[in-house]
Protein chains: 2
Amino acid sequence: MLLDSLIDQATRNGHNTVAVAAADTADVIEAVMDALNKNLAEFILYGNQEKIISLIKMQKQGLLNNHKLKIIHTDSILSAAESAVRAVSNNQANVLMKGNVPSNILLKAVLNKEFGLRTGNVLSHTSVFEIPGFNQFILITDAAMNIAPDLEQKVQILNNSVVLAKSVGIEMPRVAVIAAVETVNSDMQATLDAAALTMMNKRGQITDCIVDGPLGLDNAISELAAKHKGIISKVAGKADILLVPAIEVGNVLYKSLIYFAKAKVGAVVAGASAPIVLTSRADSAESKLYSLALALCCVKK
Amino acid sequence: MLLDSLIDQATRNGHNTVAVAAADTADVIEAVMDALNKNLAEFILYGNQEKIISLIKMQKQGLLNNHKLKIIHTDSILSAAESAVRAVSNNQANVLMKGNVPSNILLKAVLNKEFGLRTGNVLSHTSVFEIPGFNQFILITDAAMNIAPDLEQKVQILNNSVVLAKSVGIEMPRVAVIAAVETVNSDMQATLDAAALTMMNKRGQITDCIVDGPLGLDNAISELAAKHKGIISKVAGKADILLVPAIEVGNVLYKSLIYFAKAKVGAVVAGASAPIVLTSRADSAESKLYSLALALCCVKK
């Protein structure tokens, strides 16, 4: 229900165009068809034209004449990736979507100094979860891109997620900096960084959000657990964003929510000049659609 | 249902005695009363005798005359911790339980060279989960004790969890060594250690279990996800034990299972000469009982 609202919001944002790098695979075409049906955006598909056309015919032949769909032939995966990135940097499209191309090849094109989408910021992955029993979004960052971010990288990852939170309607995001414990412990770098980030927020070095940490996951999302530990904070028990200390933490939390808690998710890579959708084959069709809607909600006006 | 079977098993194991360090707090007395009602074990309670007696009177006066309950007065928390540890090393008790004493004080007594419970092994925390939708136990280690274990420590943590898995009826535990990805990546120490542990198992350096890693959480517990990635393994999709690379990973996974997936848990510290129950006030009464039952199942015969 929560994530469905992003589809409505993306539709209302109107007139956006998604450049798809290497669209010549069934699950990507399925996601694009889904999005066209819901009138989410226009699409430029880069890849093997013949294969793309035959995949579309298999699904819904009529869409081949849809004026919101353009197909541009490319000879290789590399060329599909670079052409899609160029479409975004030339303002022909305002969202980049990964198709049948390895993430590292697409990201290399994104970071290309000549035609890429660099802004000087760290690129980071933020996922937006709808969790059974929780009537608000919970955002998690970074579960997929930054392996072991240092403090300065954490600041940028945090900032990227705050911009995204605002795009989905969270005016003043509450950011919990997650560690294994809620006390500062010099043997645990996660707790030291959390304390630093909290103070940077208090000193006005990190703005547009309320940061508190270190917090255990329980203290971050359960008011009762926070109360048990005597934690008084504007974030504890009601965090919107969970900033995790390392990729393994975010990745395990992300997958635990999907596989154990039956949560739904959309995710986007932020920090480039346009939002990037990096779905993988293993993602459900629903999750791909949510990610696309999320990216469209993040387009700068 | 799964965890309830541990209570039956612990009862059948019979004639065990639990030494409780600093029992003079309501939630610990409640757990002890619960366990006595279920005939789990006998108890020696160390702490302020007057307070313990008045707490028991408040709950169930009749139990004061229960021959399975002994109360021994101690003057301080330190003395309660040391006395309970001594009771175990003197074979008066075979399980140690933390009461109203900070973990570090209890563990210091456990590690005391003169009267402690050292075996030369790493002490590690293993939790046994019953997760809605999963009809088998899933064990997680280490979510609470070892901050950033190196390879040698991971071997010992793994071995401790294998012994525990056998105690709860898993004859040949399948151990997934968890990382963010299922490929070996020199930038991710978790994947290198996972590869090393897998090969140590193949070479007979780690026995009594089947180890595979690196695996993402999805590949470890979902056969479909493993198949999607083309992973062929005796562990992938059906892991019994999840060995995580660092405390933050285990801690977040543990709490995610409790708070998001509504899982039930019991946990124990293994690696000392007797199992140790380290519950905290925030644990539910049910979880304390499961932890106690789990510890009793681990008692060496």
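In case you missed it, the structure is sitting above this.
Since the model is a prediction, treat every value here as computed from it, not as a measurement.

1. Quick word on the interface of chain A and chain B
Contact with chain A, which involves 32 residues of that partner, is made by 32 residues of chain B. Between chain A and chain B, the buried area comes to about 3,000 Å², and carbon and sulfur atoms account for 76% of it. At the junction of chain A with chain B, the criterion picks out two salt bridges. The salt bridge involving K255(B) is made with D218(A); its shortest N-O contact spans 3.2 Å. Seen at the junction of chain A and chain B, the total is three residue pairs in polar contact (both at pLDDT 80 or more). For the side of chain A that touches chain B, the secondary structure elements donating two or more residues are α8 (217–221), α9 (223–228) and α10 (247–259) of chain A. For the side of chain A that touches chain B, the per-class residue count stands at 22 nonpolar, five polar and five charged.

2. What about the relation of the copies chain A and chain B?
Once chain A is rotated about the relating axis by 180 degrees and shifted along it by 0.0 Å, it coincides with chain B to within an RMSD of 0.0 Å. The symmetry that links the two subunits is that of a two-fold axis. The fraction of interface residues of chain A whose copies in chain B are also interface residues reaches 100%, indicating that both copies meet through the same surface.

3. Structural notes on the pattern of salt bridges
Two side chains with opposite charge may pair up if their charged atoms get near one another. What the rule picks out here adds up to twelve salt bridges over all chains. Residues K288(A) and D27(A) are paired through a salt bridge, measuring 2.8 Å at the closest nitrogen-oxygen approach. Remark: D27(A) occurs in helix α2 (residues 26–37) and K288(A) occurs in helix α11 (residues 285–297); sequence separation between them is 261 residues. Of the residues examined, K288(A) reaches a relative accessible area of 4% and is grouped as buried. Put simply, D193(B) and K154(B) hold a salt bridge, and the shortest N to O gap is 2.8 Å. Placement of the pair is D193(B) in helix α7 (residues 189–202) and K154(B) in helix α6 (residues 151–167), with a sequence separation of 39 residues.

4. Things to note about a nonpolar patch on the surface
A cluster of nonpolar side chains, I77(B), L78(B) and I105(B), forms an exposed patch at the surface whose accessible area comes to about 230 Å². Within the element layout of this structure, I105(B) appears in helix α5 (residues 103–110).

Each value, and the rule that gives it
- Residues numbered from 1 in each chain as written.
- Chains lettered and ligands numbered in written order.
- Predicted model: local features only at pLDDT ≥ 70, side-chain atom pairs only at ≥ 80, totals over all residues.
- Heavy atoms only, no water.
- Contact = heavy atoms within 4.5 Å.
- Buried area = accessible area lost by both parts, 1.4 Å probe.
- Salt bridge = Lys/Arg side-chain N within 4 Å of Asp/Glu carboxyl O.
- Polar contact = N/O pair within 3.5 Å; in protein donor to acceptor, adjacent residues only side chain to side chain.
- Helix = DSSP H or I, 4+ residues; strand = E, 2+ residues; numbered from the N terminus.
- Nonpolar A, V, L, I, M, F, W, Y, C, P; charged D, E, K, R; others polar.
- Least-squares fit on C-alpha atoms with pLDDT ≥ 70 in both.
- Buried < 20%, exposed > 50% of the residue type's maximum accessible area, 1.4 Å probe, protein only.
- Patch = residues over 30% accessible without salt bridge, like charges linked within 9 Å, V, L, I, M, F, W, Y side chains within 5 Å.
- Areas by Shrake-Rupley, 256 points an atom, 1.4 Å probe, with all protein chains shown as cover.

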